[in-house]
Amino acid sequence: MSIQETPTLMTGIFAVVQAVVLLLLTPLFTGISRQIRAKMHSRQGPGIWQDYRDIIKLMTRQSVAPRDSGIIFRIMPYVLLSSMLLLAMALPVVTNTSLFSGAADIIIVLYIFALFRFFFSLSGLDTGSPFAGIGASRELTLGVLVEPTLFLGLLVVALIAGSTNIGTISATMSEGWVSPTATLLALIACGFATFIEMGKIPFDVAEAEQELQEGPLTEYSGSGFAMVKLGIGLKQVVVAVLFLSIFFPFGNASTFTVGSVLLAMGLLLVKLLVIFVLASLVENSLARGRFLLTHHVTWLGFGVAALGFVFYLTGL
């Protein structure tokens, strides 16, 4: 049975299962990243299962909120986690089309990423902590710098596919690159934006709560902190899946059969592992730079995306 012929209820159930599987895999991939960082720093490291232990431990502890915090501080963990779960349902993770096409448009995807960043930053301001406020302003600044690159890179492949639906784009790309040069430049630009959105050096250290970039996390504790950690980790996985589903959709299932779905899931794990390993190797080969100089690097990515758009217009 093809995916288009599958009943809506079945595709909906599979979309939920898909999101849950990605959520359960999130601590594994973030743990792998931490372990690679430790080995490259000549340390033993906590092991790839440490994030599971941390989250389970935090879930059993009480959440404490600052006296001056408001409703935004309390709902932020739920917004972060639910927004990324929505994208995990919508993206063509193991299938060649989206199972939840209503949220699979690139405009909606970018708005959801912006919603994630907005609540993350606003929660830092809601605490009344100057440290968290500085981290919130830096997070918003980074969003202004990187989101145009991601949007323009996705726009190029959307124009090539003739649709802004990620499922349609993925299905088109699986048949071959129509405009090789423009697609390659869009791949480089989106890969650059994916690296930044995954919270990697020199732009951020997603697990370092003491960093200014993660200042909004300093006031979180207990189960709320566990949900925030899951939300940030799931964002890394979702951004990587978005990149893979558009530019490397090979192996995705076109029918709902046990064999094709299991094969697609196995290939997805391999592709995700490659993305996280490469990102970790690049990250730990670089040094932290001054945040005020970040725009010099991000403009390079935007220039590549703009060049890809020009090549598309010229038919290359």
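In what follows, the structure referred to is the one given above.
Residues numbered from 1 in each chain as written. Predicted model: local features only at pLDDT ≥ 70, side-chain atom pairs only at ≥ 80, totals over all residues. Heavy atoms only, no water.

Draft legend 1. Fine view of the pattern of salt bridges. What the rule picks out here adds up to six salt bridges. In this structure, the salt-bridge partner of R117 is E147, at a minimum N-O distance of 2.8 Å. Linking R117 in helix α4 (residues 106-126) with E147 in helix α5 (residues 130-161), this pair joins segments that are 30 residues apart in sequence. A residue is classified by how much of its surface remains accessible, and R117, at 4% relative accessible area, is buried. Close ionic contact of K235 with E197 constitutes a salt bridge, the shortest N to O distance being 3.0 Å. A residue pair is termed long-range when its members are at least 10 positions apart, and K235 in helix α8 (residues 222-247) and E197 in helix α7 (residues 180-197) qualify at 38 residues. Both residues of the pair, K235 and E197, count as buried. Among the charged side chains, a salt-bridge network with shared partners connects R117, E147, E197 and K235. (Salt bridge = Lys/Arg side-chain N within 4 Å of Asp/Glu carboxyl O. Helix = DSSP H or I, 4+ residues; strand = E, 2+ residues; numbered from the N terminus. Buried < 20%, exposed > 50% of the residue type's maximum accessible area, 1.4 Å probe, protein only.)

Draft legend 2. Region of interest: helix α6 (residues 166-174). The complete set of buried residues in α6 reads I166, G167, I169, S170, T172 and M173. Measuring from the backbone nitrogen of G167 back to the side-chain oxygen at the start of α6 gives 2.8 Å, which picks out N165 as the cap. After α6 finishes, the residue G176 shows a positive phi value of roughly 125 degrees. (Polar contact = N/O pair within 3.5 Å; in protein donor to acceptor, adjacent residues only side chain to side chain.)

Draft legend 3. Region of interest: the packing of aromatic side chains. Counted by the stated rule, this structure contains seven aromatic pairs. Here the aromatic rings of F73 and Y220 are separated by 4.1 Å at their centres, their planes lie at 15 degrees, and the arrangement is stacked. Residue F73 is found in helix α3 (residues 71-90), and its partner Y220 is found in the loop between α7 and α8; the two are separated by 147 residues along the sequence. The exposure class of F73 is buried, given its relative accessible area of 4%. An aromatic cluster is defined as three or more aromatic residues linked by ring pairs; in this entry it consists of F243, F247 and F248. Positioned over the ring face of F250 is K271, at 4.6 Å from the centre of the ring. (Phe/Tyr/Trp six-rings, centres within 6.5 Å; stacked < 30°, edge-to-face > 60°. Lys NZ or Arg CZ within 6 Å of the ring centre and 35° of its normal.)

Draft legend 4. Molecular detail of the packing of α3 against α8. Contact geometry of α3 with α8 gives a least axis separation of 8 Å together with a crossing angle of 30 degrees. What the angle tells us is that α3 and α8 run roughly parallel. The hand of the α3/α8 crossing is left-handed. Contacts from M76, P77, Y78, L80, L81, M84, L85, L87 and A88 in α3 reach G224, M227, V228, L230, G231, I232, L234, K235 and V238 in α8. (Axes fitted to C-alpha atoms, helices over the stretch in contact; angles between N-to-C directions. Parallel < 35°, antiparallel > 145°, perpendicular 65-115°, else oblique. Left-handed = near helix turned anticlockwise from the far one by under 90°. Contact = heavy atoms within 4.5 Å.)

Draft legend 5. The side chain of E197, seen in detail. Take E197: its relative accessible area is 7%, and that puts it in the buried class. Among the polar contacts listed, one links the side chain of E197 to the side chain of R117, at a separation of 3.0 Å. For E197, the contacting residues outside a window of four places in its chain are R117, V146, E147, K235 and V239.

Draft legend 6. Region of the structure containing the environment of F118. Relative to the elements of secondary structure, F118 occurs in helix α4. Between the C-alpha atoms of F118 and A136, which are 18 residues apart in sequence, the distance is 8.9 Å.

Draft legend 7. Just the environment of A65, in detail. Mapped onto the elements, A65 comes out in the loop between α2 (50-59) and α3. Residue classification places A65 among the partly exposed positions, given a relative accessible area of 34%. In this structure the C-alpha to C-alpha distance between A65 and S221, which are 156 residues apart in sequence, comes to 8.0 Å. Not counting residues up to four positions away in its chain, the partners in contact with A65 are F73 and R74.

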